[in-house]
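If you want the building blocks of each chain, they are given just below.
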Amino acid sequence: MRLETEDIGVRYGRHEALGGVNLRARAGEVTAIVGPNGSGKSTLLGAITGTLPHAGRVILNGRDVAGQKPWELAAQRAVLPQATRLAFPFEVLEVVRLGQQAGTAGGRANVPMQALARVGMAHYAERIFQDLSGGEAQRVMLARVLAQVWSPVEAGVPRWLLLDEPVASLDIAHQLQVMEIARDFARAGGGVVTVMHDLNLTALFADRVLVLSGGRPLAFGTPQEVLTDDTLSRAYGCTLKVSRPPERADMPYVLPHHGQLTGA
Amino acid sequence: MAALTEISSRPRDRHARARALHWALAGVLALCCAVSLQIGAAEVTLTALLGKWLAGEPLTMMERVVLFDIRLPRLAMGVMVGGALAVSGAAMQGLFRNPLADPGIVGVGAGAGLGAILAIVLGTLLPVWVTDIAGNHLVPLAAFFGGWGSTLLLYRVSTRGGRTSVATMLLAGIALGALAGALSGILVYMADDQQLRDLTFWGLGSLAGASWAKVLAAAPLVVLSVGAALVLGRGLNGLALGEATAAHIGIDVQRTKLVAILAVAGATGAAVAVSGGIGFIGIVVPHLLRLASGPDHRMLLPNAALLGASLLILADVIARVIIAPAELPIGIVTAVLGAPVFLWILLRRRGLVDL
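Residues numbered from 1 in each chain as written. Chains lettered and ligands numbered in written order. Predicted model: local features only at pLDDT ≥ 70, side-chain atom pairs only at ≥ 80, totals over all residues. Heavy atoms only, no water.

**Some thoughts on helix α16 (residues 330-348) of chain B**
All names here are of chain B. Between its terminal C-alpha atoms α16 stretches 27 Å, which fits the 27 Å expected from 19 residues at 1.5 Å a residue. When the local axis directions of α16 are compared, the greatest deviation, roughly 30°, occurs at G338, which is followed within four positions by the proline P340. Buried residues of α16: I330, G331, V333, T334, G338, V341, F342 and I345, and no others. Buried residues belonging to α16 abut α14 (281-293) and α15 (297-321). (Helix = DSSP H or I, 4+ residues; strand = E, 2+ residues; numbered from the N terminus. Expected span 1.5 Å × (residues − 1). Bend = angle between axes of the 7 residues up to and from the residue. Buried < 20%, exposed > 50% of the residue type's maximum accessible area, 1.4 Å probe, protein only. Contact = heavy atoms within 4.5 Å.)

Below, the structure written as structure tokens:
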């Protein structure tokens, strides 16, 4: 089962923000979308989730999303936005329940608390959402998303987590925690598509990487194949050096090289 | 109001508390109804009448008239108007994602009023078959269309990409209210003496003109609108997360917005048509309920109907007795009670209107 896009394009007025993107994300894998600011990462995710009007087709688990009702899609995939502004003073647990009611775990009363525990926020269940820090709020939103697709596979059909920069406002420990949650979800048979800024976290956790540059796909493959000096330097427009630690030759990590240091 | 103070401490599960509050508020409403029937200018009390009824004595003509033709229709109208105003306030706040959005404040009430005045003044110019079909419903229906038009306009102006600008909403509301007021003023100049009397009476905001005919004229619109609003709970909860996220958790956003706008316009229109401009119920009631049992619209909307009806009936009792045998327009009572609460909301949460 897959999440596929066919020739996705998004225009903002006359400006083409995204064009010709054919993504193939498989269930059971974490697929990362990387690229510099303005390269169209979030725009692509917005097109996949149906938030942005777009050209081309999005196929989720073999069916075109265009003809499906919001609640049909909500049972198959959950979406984590970059930031959420909540209108009224809901408690944390109430926010997570909003996600649970959308999914197919509807009846299971303990799912919201389990989801909160999974992101390490169970002790905040009765706090008012607006009183949380940015990072805490983001983890609660992840719990809401998890509660929506609590079982990675339902009736043999994988479910999907679509994450827009899930670790942007988190400290390093929580960055690792969130990425582990995403990987565990994929290992259990679900699918994960995530927009990423941090190339090293991407190398650590992603199974496939799509590199976007200027609204166009530049490379797609495993981190080994894609995270190379040449591709990254071209994508980001600066000199980047990919190293491999001797003890983990399969895991590239990316170092920025200042011009003077490299003599460039 | 004892029910509200009891639960001011943070409950463990607010949803369960909101359910409990629901039954408490139903009791409060029953009590307010009894008080409203008991008290009035005439020396007729509910307790005395009940005593007579239990003893098997017949009621006098005066007692029948006071109970069935004066107090009961007035009570029925108070319940309808109070419930409709509070529910339309709660629904509008959910739609605009802001606790300050109230039909009375942002010009929807004025738009509905313009519709009602149009119907009163120009209704005689309509073809006979239209007035025949519409009958007593003409003024409420016109108020509904006025409210609908102004809600749509306000939403178009103040909302871009699913996000409402509070500043734009409030300022557009001022403009809308001024425009509706000016157009209404022109119509007042065109009115004849009888119409002028109707308008003056109506414009003060009062339940004093209550009659079974008015109750029946407004009832269908109130029942439809409040009924529609009551099923919006899940949709408005979703909208609290933003339009995009609401869609992602399975809410049909466009349909939710459409139903919310129609319900707000219908409830506001019906209330304005029969009682004129009664302010602040729509903002104070949902705010108190959010403090007491949280913002979950699935309980907020039905509880708002109960508390709104209770508060309006109480305000009406105050309006009737405070300068008896004369009576105050109820709009004055709700403004005196409600405006300070509105200011208090602003003081507590100034961030709401940071422009």
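**Observations concerning the sheet that holds strand β10 (residues 160-164) of chain A**
All names here are of chain A. The sheet built from 6 strands is open, its strands ordered β7-β10-β11-β4-β12-β13 with mixed pairing. Of all the strands in the sheet, just β7 (77-80) and β13 (216-221) have a single pairing partner and so form its edges. When the angles between neighbouring strand axes are averaged without regard to direction, this sheet yields 15°. Here helix α1 (residues 41-49) sits on the sheet in contact with β4 (30-34), β7, β10, β11 (191-195) and β12 (208-213), set at roughly 145° to β10. Its contacts with the sheet put helix α9 (residues 229-236) on β4, β12 and β13, and the angle it makes with β13 is roughly 155°. (Pairing = 2+ DSSP bridges. Axes fitted to C-alpha atoms, helices over the stretch in contact; angles between N-to-C directions.)

**Let's talk about the confidence of the model for chain B**
Residue and element names in this part refer to chain B. Averaged over every residue, the pLDDT of chain B is 85; residues scoring 70 or more account for 92%. At the level of individual helices and strands, chain B shows its lowest average pLDDT in helix α1 (residues 2-6), which scores 39, and its highest in α15, which scores 94. Low pLDDT, under 50, characterises residues 1-11; the predicted model gives this stretch 19 contacts beyond four residues in sequence or across chains. (pLDDT = per-residue confidence, 0-100.)

**Things to note about a nonpolar patch on the surface**
All names here are of chain B. Together, I318, V321, I322, I323, I332, V336 and L337 give the surface a local cluster of nonpolar side chains, amounting to about 610 Å² of exposed area. Among the elements of the structure, α15 and α16 are those that each provide at least two residues to the nonpolar patch. Looking at the element boundaries, I332 is found in helix α16. (Patch = residues over 30% accessible without salt bridge, like charges linked within 9 Å, V, L, I, M, F, W, Y side chains within 5 Å. Areas by Shrake-Rupley, 256 points an atom, 1.4 Å probe, with all protein chains shown as cover. Salt bridge = Lys/Arg side-chain N within 4 Å of Asp/Glu carboxyl O.)

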